[in-house]
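A closer look at the structure
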Number of protein chains: 2
Amino acid sequence: MSKTLHHGLLILRVLSEHPQGLTVTDVAERIGVHRTVAHRLVRTLEAHQLCRRDQQRRIVLGTGLVTLAEPVEQDLRALARPVLDELAEATRATAHLLVREGTQDMRALMVVEPRGALVHVSFRPGQTHSIQQGSGGLALLAGGPPRSGERPEVTEARAKGYAVTMGEVIPAVIGVSAAVPSHRGEATTSIGVSVFEPAGLDALGGTVVEAAKRLGNLLG
Amino acid sequence: MSKTLHHGLLILRVLSEHPQGLTVTDVAERIGVHRTVAHRLVRTLEAHQLCRRDQQRRIVLGTGLVTLAEPVEQDLRALARPVLDELAEATRATAHLLVREGTQDMRALMVVEPRGALVHVSFRPGQTHSIQQGSGGLALLAGGPPRSGERPEVTEARAKGYAVTMGEVIPAVIGVSAAVPSHRGEATTSIGVSVFEPAGLDALGGTVVEAAKRLGNLLG
């Protein structure tokens, strides 16, 4: 590990948790370095447009991060976009694409909200949660062989082809997800919807499975 | 400037330009450091989920960048989303939100493609171009006082309230943009559409100006 780089990246993380901005002193305290060190790191991040000063001279994240993040999983995102759009419209629910992150976590890579729905779930892409929680993680676990002690929802998802969870990632919100079939080994991506109402989950499951198949075919 | 942090951030930039992945040797060569240094930096980036190894063991950008980028201009993006959606649907054209980056550049912060249009322009957010080119930049320049030697398009945009350019950012593509009015000083954000056809630009300009006003009011 490079300690200097680590500190610089910690600054980005701290800033992402404080969208209202921080002073150099705040930054130094939070990452545990001297103010002059923090100042030099911030200057370097600024030179890369990864942070900037706002009108109150507070340090906030810079738009250069949008450029850096854009190519991440670009092929997957480009192919998934119309599938998620269709899924959100067909179900009038928020559609999401989650990817496995390491062995323990799932990360929301894309979130598409339905147009015109009176009420829908809204959440930010980028968030991670345990693969043991939420329909997306369970859908991927169901793709593996049965394990003793696995959650009954995983066993059920293996039989049905989609996973259903209630209130595990977002309180009171029901998730319905299916693993996106992969021809390159184990599935690492799930597609699903978030809804408030437990009615019609079977039909929803069928629609989600169809969307997962369609995306799997697009990915080849 | 911190040289180590600078090198680490350069790696992210190099990786963003090579979505198919690079080896450690490639990375070392491109940023001009020894292989062992590159290896240590890559390990640090990996620990922050900012890069990962793909199935061929090549280094690619990691999904942690999506998390970092998500809060960038979050308020602006959240407020702009429905305005861009409406603009894209009303015009059946690709709508975009650009922000000023430093003194010289504009950066595409959001791009919303119209649904159901047979043909539309598609481009990736995150890209930057000179403020002297493209309708978004000219719309912002038109917000300032007249300058001798300014482009005639800027003068015209000042009179009309919106700027029109042809093929300056994307070949053959026409841009129509207006500055988003700001109550906190100089405008730094433009909203606009990209179209192929030069017909009906006046009507388009009016629609874009309305969208800019609506977003300006939302921003308060």
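Residues numbered from 1 in each chain as written. Chains lettered and ligands numbered in written order. Predicted model: local features only at pLDDT ≥ 70, side-chain atom pairs only at ≥ 80, totals over all residues. Heavy atoms only, no water.

1. Looking at the packing of helix α1 (residues 3–16) of chain A against helix α2 (residues 24–31) of chain A
Residues and elements named next belong to chain A.
- For the pair α1 and α2, the least separation of the axes is 10 Å and the interaxial angle reads 115 degrees. Put simply, α1 runs roughly perpendicular to α2. Considering how the two elements wind past one another, α1 and α2 form a crossing that is right-handed. Seen from α1, the contacting residues are H7, L10, I11, V14 and L15; seen from α2, they are V27, R30 and I31. (Axes fitted to C-alpha atoms, helices over the stretch in contact; angles between N-to-C directions. Helix = DSSP H or I, 4+ residues; strand = E, 2+ residues; numbered from the N terminus. Parallel < 35°, antiparallel > 145°, perpendicular 65-115°, else oblique. Left-handed = near helix turned anticlockwise from the far one by under 90°. Contact = heavy atoms within 4.5 Å.)

2. Examining the interface of chain B and chain A
- Across the boundary between the two partners, chain B contributes 49 residues, which contact 49 residues of chain A.
- The junction of chain B with chain A conceals about 4600 Å² of combined surface from both sides, 62% of it contributed by carbon and sulfur atoms.
- For the chain B face of the interface with chain A, the top three residues by lost area are L5, H48 and R115 of chain B, together amounting to 15%.
- Counting the contacts that link chain B with chain A gives two salt bridges.
- A salt bridge links R52 of chain A to E73 of chain B, with the shortest nitrogen-to-oxygen separation between them at 3.0 Å.
- Our count for the contact surface shared by chain B and chain A stands at 16 residue pairs in polar contact (both at pLDDT 80 or more).
- Secondary-structure elements contributing two or more residues to the side of chain B that touches chain A are α1 (3–16), α3 (35–47), α4 (64–69), α5 (74–91), β3 (94–101) and β4 (105–112) of chain B.
- In terms of residue count, the dominant contributor to the side of chain B that touches chain A is α1 of chain B (nine residues).
- A per-class count over the side of chain B that touches chain A returns 19 nonpolar, 15 polar and 15 charged. (Buried area = accessible area lost by both parts, 1.4 Å probe. Salt bridge = Lys/Arg side-chain N within 4 Å of Asp/Glu carboxyl O. Polar contact = N/O pair within 3.5 Å; in protein donor to acceptor, adjacent residues only side chain to side chain. Nonpolar A, V, L, I, M, F, W, Y, C, P; charged D, E, K, R; others polar.)

3. As for the relation of the copies chain B and chain A
- Superposition record for chain B on chain A: RMSD 0.1 Å, screw rotation 180 degrees, translation along axis 0.0 Å. When the rotation and shift are considered jointly, the pair of chain copies conforms to a two-fold rotation axis. When each C-alpha of chain B is compared by its distance to the rotation axis, L5 of chain B comes out closest, at 2.4 Å. (Least-squares fit on C-alpha atoms with pLDDT ≥ 70 in both.)

4. Regarding the environment of M106 of chain A
Residue and element names in this part refer to chain A.
- Within the secondary structure layout, M106 lies in strand β4 (residues 105–112).
- Through-space distance from the C-alpha of M106 to that of T189 is 8.8 Å; in sequence the pair is 83 residues apart.
- Among residues more than four places away in sequence, those in contact with M106 are L98, V99, R100, E101, Q127, T128, H129, I131, G136, G137, L140 and S190.

5. With respect to the domain arrangement of chain A
- Domain boundaries assigned for chain A yield domain 1 (3–68) and domain 2 (74–219).
- Just the C-alpha atoms count here: the centres of domain 1 of chain A and domain 2 of chain A sit 34 Å apart. (Domains from an automatic or database assignment.)

6. Section: unusual backbone geometry
Residues and elements named next belong to chain B.
- Positive phi outside glycine occurs at R57, with the angle close to 65 degrees.
- Since its relative accessible area comes to 56%, R57 is described here as exposed.
- One non-glycine residue, A172, adopts positive backbone phi at about 70 degrees. (Buried < 20%, exposed > 50% of the residue type's maximum accessible area, 1.4 Å probe, protein only.)

7. Notes on the pairing of β3 of chain B
All names here are of chain B.
- Burial within β3 is extensive, with seven of its eight residues counted as buried.
- Alignment of β3 against strand β8 (residues 189–195), held across six bridges, turns out to be antiparallel. Residue pairing for β8: V99 is matched across the bridge by T189.
- The turn joining β3 and β4, which pair antiparallel and follow one another in sequence, is formed by three residues; a positive phi near 60 degrees is taken by G102. (Pairing = 2+ DSSP bridges.)

8. Quick look at helix α8 (residues 201–219) of chain A
Residues and elements named next belong to chain A.
- The end-to-end C-alpha distance of α8, which contains 19 residues, comes to 27 Å, matching closely the 27 Å that a straight helix rising 1.5 Å per residue would cover.
- Of the residues making up α8, those classed as buried are L201, L204, G205, V208, V209, A211, A212, L215 and G216. Along α8, the residues classed as buried sweep out an arc of 165 degrees about the axis, all on the same side. The exposed residues of α8 that point more than 90 degrees off its buried face are D202, A203 and N217.
- Tucked into the core, α8 has its buried residues touching α5 (74–91), β3 (94–101), β6 (163–166), β7 (174–179) and β8 (189–195).
- Count one or two residues on from α8 and you reach G220, which has phi positive near 75 degrees. (Expected span 1.5 Å × (residues − 1). Arc of directions from axis to C-beta.)

9. A word on the pattern of salt bridges
- The full count for this structure, using the stated rule, is 24 salt bridges over all chains.
- Its salt-bridge partner being E153 of chain B, residue R151 of chain B comes within 3.3 Å of it at the nearest N-O pair.
- Assessed through its relative accessible area of 22%, R151 of chain B is described here as partly exposed.
- For E153 of chain B, a relative accessible area of 27% translates into the label partly exposed.
- Among the charged side chains, a salt-bridge network with shared partners connects R151, E153 and E168 of chain A.

10. Brief notes about the sheet that holds strand β5 (residues 128–130) of chain A
Residues and elements named next belong to chain A.
- Spatially, six strands are ordered β5-β4-β3-β8-β7-β6 in an open sheet, and the strand pairing comes out antiparallel. Each edge of the sheet is formed by a strand with only one pairing partner; in this case those strands are β5 and β6. Between one strand and the next, the sheet's axes are offset by a mean angle of 30 degrees, whatever the strand orientation.

11. Comments concerning the sheet that holds β8 of chain B
Residue and element names in this part refer to chain B.
- The antiparallel open sheet is built from six strands, whose spatial order is β5-β4-β3-β8-β7-β6. Sheet topology places β5 (128–130) and β6 (163–166) at the edges, where each strand pairs with a single neighbour. Averaged over all adjacent pairs, the angle separating strand axes in this sheet is 30 degrees, with direction ignored.
- Here three bridges tie β4 to β5, and the two strands are oriented antiparallel to one another. Note that in β5 the partner of R107 across the bridge is T128.
- Its contacts with the sheet put helix α8 (residues 201–219) on β3, β6, β7 (174–179) and β8, and the angle it makes with β7 is roughly 35 degrees.

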